[in-house]
Amino acid sequence: MAQKKTGTLSLENRCSLVQANHKELSIRRQCELLQLPRSTWYRGVEPAQETPENLEIMAQIDKQYLKTPFYGSRKMVEHLQQNSWTVNRKRIQRLMRIMGIEGIAPGPNTSNPHPGHKIYPYLLRNYLIERPNQVWSTDITYIPMPCGFMYLVAIIDWFSRFVLSWSLSNTMDTYFCIEALKAALNEGKPEIFNTDQGSQFTSHEFTHTLLEKDIQISMDGRGRALDNVFVERLWRSVKYECIYLNEYSSVNSLHQGLSDYFRFYNYERIHQSLNYKTPEKIHFGKKTT
């Protein structure tokens, strides 16, 4: 079968070029330059890999962590052993590091921020949130798949719970976080942007993108997952209402499933905390008909 071509490059070759070089460019920009739909690029991406047994254990860790984010590796080992898993702490520490999670009260030397990156103070304790675009925040979560896993980053408005942008990656790199940030900033600008102390968010590229737009940076205290409570609630919704109900066999199907879910979440899903309105109505000030 003849390959569809643009210029002298086939569709297959254009897919292979994305991320092969030019990592300073976002996936969005690389796809634009290569005239490649992003949905096509996702077809060629493979989930990050682990052994089948470790994937099962990671799925159990993920579900338990959503219920008990204060569980560190010791309590997680005990939980798994009580549920007939033969695991030790060293193994669970490694898997939790891969997943990018830690307990609210971690021990020393876990999830250290990059030593060369500046850490900003947490600005939101006892801070009154009373309007859209006052505070945005972001986080990364682990997404289990039948044959591997991906990472999801999302940016949310604290007041309206509106998901402003999101992006997927099979590595916890900085670039997919910056891609999501720039996509959100194309739609507006917050007064304060809150993150955790992960190296993706403390990187010069990420913080510079905020500072050049005169956005104040706030960072959670180490081990204080609930400083970013609205994103933590978003992850529970995403996983229980989307991920755990479907077995996405490819990154492309996962991307499509998340696209559908976030559209539902923003425009159709009512929130008790929003007086049974949707995030869209709160964020854009639309009146309920």
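Please refer to the structure higher up on the page.
Here is what the cut-offs are and how they apply
Residues numbered from 1 in each chain as written. Predicted model: local features only at pLDDT ≥ 70, side-chain atom pairs only at ≥ 80, totals over all residues. Heavy atoms only, no water. Core = buried A, V, L, I, M, F, W, Y, C linked by side-chain atoms within 4.5 Å. Buried < 20%, exposed > 50% of the residue type's maximum accessible area, 1.4 Å probe, protein only. Helix = DSSP H or I, 4+ residues; strand = E, 2+ residues; numbered from the N terminus. Contact = heavy atoms within 4.5 Å. Arc of directions from axis to C-beta. Polar contact = N/O pair within 3.5 Å; in protein donor to acceptor, adjacent residues only side chain to side chain.

Visitor: Quick one: what's the story with the nonpolar core, residue by residue and with numbers?
Guide: Residues Ile61 and Ile92 are the most contacted members of the largest nonpolar core, which totals 41 residues. Those elements that provide at least two residues to this core are α4 (52–67), α5 (73–82), α6 (89–99), β3 (135–145), β4 (148–157), α7 (175–185), α9 (204–211) and β7 (216–219). Looking at which element gives the most residues to this core, the answer is α7, with 7 residues. If near-sequence neighbours (up to four positions away) are discounted, Ile61 is found in contact with Met76, Leu80, Ile92, Leu95, Met96, Met99 and Ile101. Of all hydrophobic cores here, the second largest spans 30 residues; its members include Met145, Ala154, Ile243 and Tyr265.

Visitor: Lay out the side chain of His283 in plain terms, naming residues and giving numbers.
Guide: Along the chain, the position of His283 falls in helix α12 (residues 279–283). Classification of His283 by relative accessible area gives buried; the value is 10%. Apart from residues no more than four positions distant in its own chain, His283 is found in contact with Pro132, Asn133, Asp157, Ser160, Phe162 and Leu164.

Visitor: Quick rundown of α6? Include the residues and the values.
Guide: Looking only at α6, the buried set comprises Ile92, Leu95, Met96, Ile98 and Met99. Along the axis of α6, the buried positions cluster into a sector of 155 degrees, meaning they face one direction only. Seen from the buried face of α6, the exposed residues on the opposite side, beyond 90 degrees, are Lys90 and Arg97. Of the surrounding secondary structure, the elements contacted by the buried residues of α6 are α4, α5, β3 and β4. Capping the start of α6, Asn88 holds a side-chain oxygen 3.3 Å from the backbone nitrogen of Lys90, two or three residues further along.

Geometry only, nothing functional implied.
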